[in-house]
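# Structural overview for review
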Amino acid sequence: MKIFVDTANLADIEEALKRGFVSGITTNPSILAKEPKSGLENHVGKIVDLIKKYDPSGNLPLSIEVFSRNQEEMIAQAVKFKESFGYPGLCVKVHVGWDELAVINDLSRQGIDVNCTAVMTVTQAIMAARAGARYVSLFWGRIGDAGKDEKFASDREKMFADKTIDDSDFNPAIAVRRTRDLLDKSNLTTEIIVGSIRNVVSIRDAYLSGAHIVTIPPKFFSPMVSHYKTNEVVEMFLNDFKNWLA
Ligand code: E4P
């Protein structure tokens, strides 16, 4: 059960790293685009410096995503990330898809760790794992959205008609549980990262469903360790002790 941080924000990364609970960092192009423009290499370099400051192994997994849908470009970008960032813990994020399986396979054969991302179904996860992905990132919030999003009503109907999916595919807890069971039964070392987190309850449920890792937006860390009854009892301890000393 590991905790990753889902951000490219330097201050948030440092606040998390200095508390010692972080086992990895994930980003995606949209997450990076929220940060001040300074160039990918420069920004990733600053993340790597922070990791080295707080993690003695200097090897914490850091996922950076390719920004293309073309096979050759994805491979070239991944190889360039590996060379230019010079960071041993670098994982290259590649979205799941038919052409992308060849990219995942190529990169993993070159010894580059792949985090296969944007995974919504068990079958996508299994295909990515078999192609060589080190991680499969299942998108908890978006799996639920997939069953409701009006804009995709006809795509959904077609997948139902073709028996590509059924109702259970819109339940992220079921998707994570089934993926974990299949990975374990197949003795695959691929780890499940659950992303697309929208609240603390889904973080808890993702771990209970079998996620090896949940990648968590920093805004949820403080709520994860806060409780009004904790505050009440700590205040009581301090007051009782102060009165006893007086
Ligand atoms: C995880 O790896 C993803 O980058 C992220 O969690 C996506 O989540 P979203 O649904 O908030 O975009």
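Conventions adopted
- Residues numbered from 1 in each chain as written.
- Predicted model: local features only at pLDDT ≥ 70, side-chain atom pairs only at ≥ 80, totals over all residues.
- Heavy atoms only, no water.
- Near = heavy atom within 4 Å.
- Polar contact = N/O pair within 3.5 Å; in protein donor to acceptor, adjacent residues only side chain to side chain.
- Core = buried A, V, L, I, M, F, W, Y, C linked by side-chain atoms within 4.5 Å.
- Buried < 20%, exposed > 50% of the residue type's maximum accessible area, 1.4 Å probe, protein only.
- Contact = heavy atoms within 4.5 Å.
- Helix = DSSP H or I, 4+ residues; strand = E, 2+ residues; numbered from the N terminus.
- Pairing = 2+ DSSP bridges.
- Axes fitted to C-alpha atoms, helices over the stretch in contact; angles between N-to-C directions.
- Parallel < 35°, antiparallel > 145°, perpendicular 65-115°, else oblique.
- Left-handed = near helix turned anticlockwise from the far one by under 90°.
- Nonpolar A, V, L, I, M, F, W, Y, C, P; charged D, E, K, R; others polar.
- Expected span 1.5 Å × (residues − 1).
- Arc of directions from axis to C-beta.

- Looking at an unreviewed UniProt entry, one finds the chain named Transaldolase and attributed to Candidatus Vogelbacteria bacterium RIFOXYD1_FULL_46_19.

### Some thoughts on the site of the ligand
- In the neighbourhood of the ligand, the contacting residues comprise Asp6, Asn28, Lys93, Phe139, Arg142, Gly195, Ser196 and Thr215.
- Separating an oxygen atom of the ligand from a side-chain N or O atom of lysine 93 is a distance of 2.8 Å.
- The side chain of arginine 142 places a nitrogen or oxygen atom 2.7 Å from an oxygen atom of the ligand.

### Re the nonpolar core
- Grouped together as the largest cluster of nonpolar side chains are 62 residues, with contacts concentrated most on Leu62, Val92, Val94, Ile104, Leu107, Val194 and Val214.
- Sequence-distant contacts of leucine 62, that is, excluding residues within four places in its chain, are made with Ile25, Val44, Ile47, Val48, Ile51, Tyr87, Gly89, Leu90 and Cys91.
- With five residues, the next largest nonpolar core counts Phe4, Tyr135, Ile193 and Ile213 among its residues.

### Considering the pairing of strand S7 (residues 191-195)
- With five of five residues buried, S7 is to be regarded as a mostly interior element.
- The side-chain alternation of S7 yields two buried faces, one formed by Glu191, Ile193 and Gly195 and the other by Ile192 and Val194.
- Judged from the five bridges that link them, strand S6 (residues 135-139) and S7 form a sheet pairing that is parallel. What sits directly across from leucine 138, in S7, is valine 194.
- Alignment of S7 against strand S8 (residues 213-216), held across two bridges, turns out to be parallel. Pairing of valine 194 across the sheet is with valine 214, part of S8.

### Topic: the packing of helix H3 (residues 40-54) against helix H4 (residues 71-85)
- At their nearest, the axes of H3 and H4 sit 11 Å apart, and the two run at 55 degrees to each other. One finds that H3 runs oblique with respect to H4. Of the two possible hands of crossing, H3 and H4 adopt the one that is right-handed. Within the contact between the two elements, H3 uses Leu40, Glu41 and Val44 and H4 uses Phe81, Ser84 and Phe85.
- For the contact of H3 with H4, the class distribution of residues is four nonpolar, one polar and one charged.

### Quick look at helix H9 (residues 172-185)
- Relative to the 20 Å expected for 14 residues at 1.5 Å per residue, H9 spans 20 Å between its end C-alpha atoms, a close match to the ideal helical length.
- Those residues of H9 lying buried are Pro172, Ala175, Val176, Thr179 and Leu183. Down the axis of H9, the smallest arc covering the buried residues is 95 degrees, so these residues share one side.
- Of the surrounding secondary structure, the elements contacted by the buried residues of H9 are helix H6 (122-131), S6, helix H7 (140-146), S7 and helix H10 (200-208).

### Some points on the side chain of serine 137
- Within the secondary structure, serine 137 sits in strand S6.
- A residue is classified by how much of its surface remains accessible, and serine 137, at 3% relative accessible area, is buried.
- Apart from the residues within four sequence positions on either side, serine 137 is in contact with Asn115, Cys116, Thr117, Ala118, Val119 and Ile193.

### Some points on unusual backbone geometry
- For lysine 163, which is not glycine, the phi torsion reads 55 degrees and is therefore positive.
- You can see lysine 163 is positioned in the loop between helix H8 (153-161) and H9.
- The backbone of serine 196 sits at a positive phi, close to 60 degrees, despite the residue not being glycine.
- Mapped onto the fold, serine 196 is located in the loop between S7 and H10.

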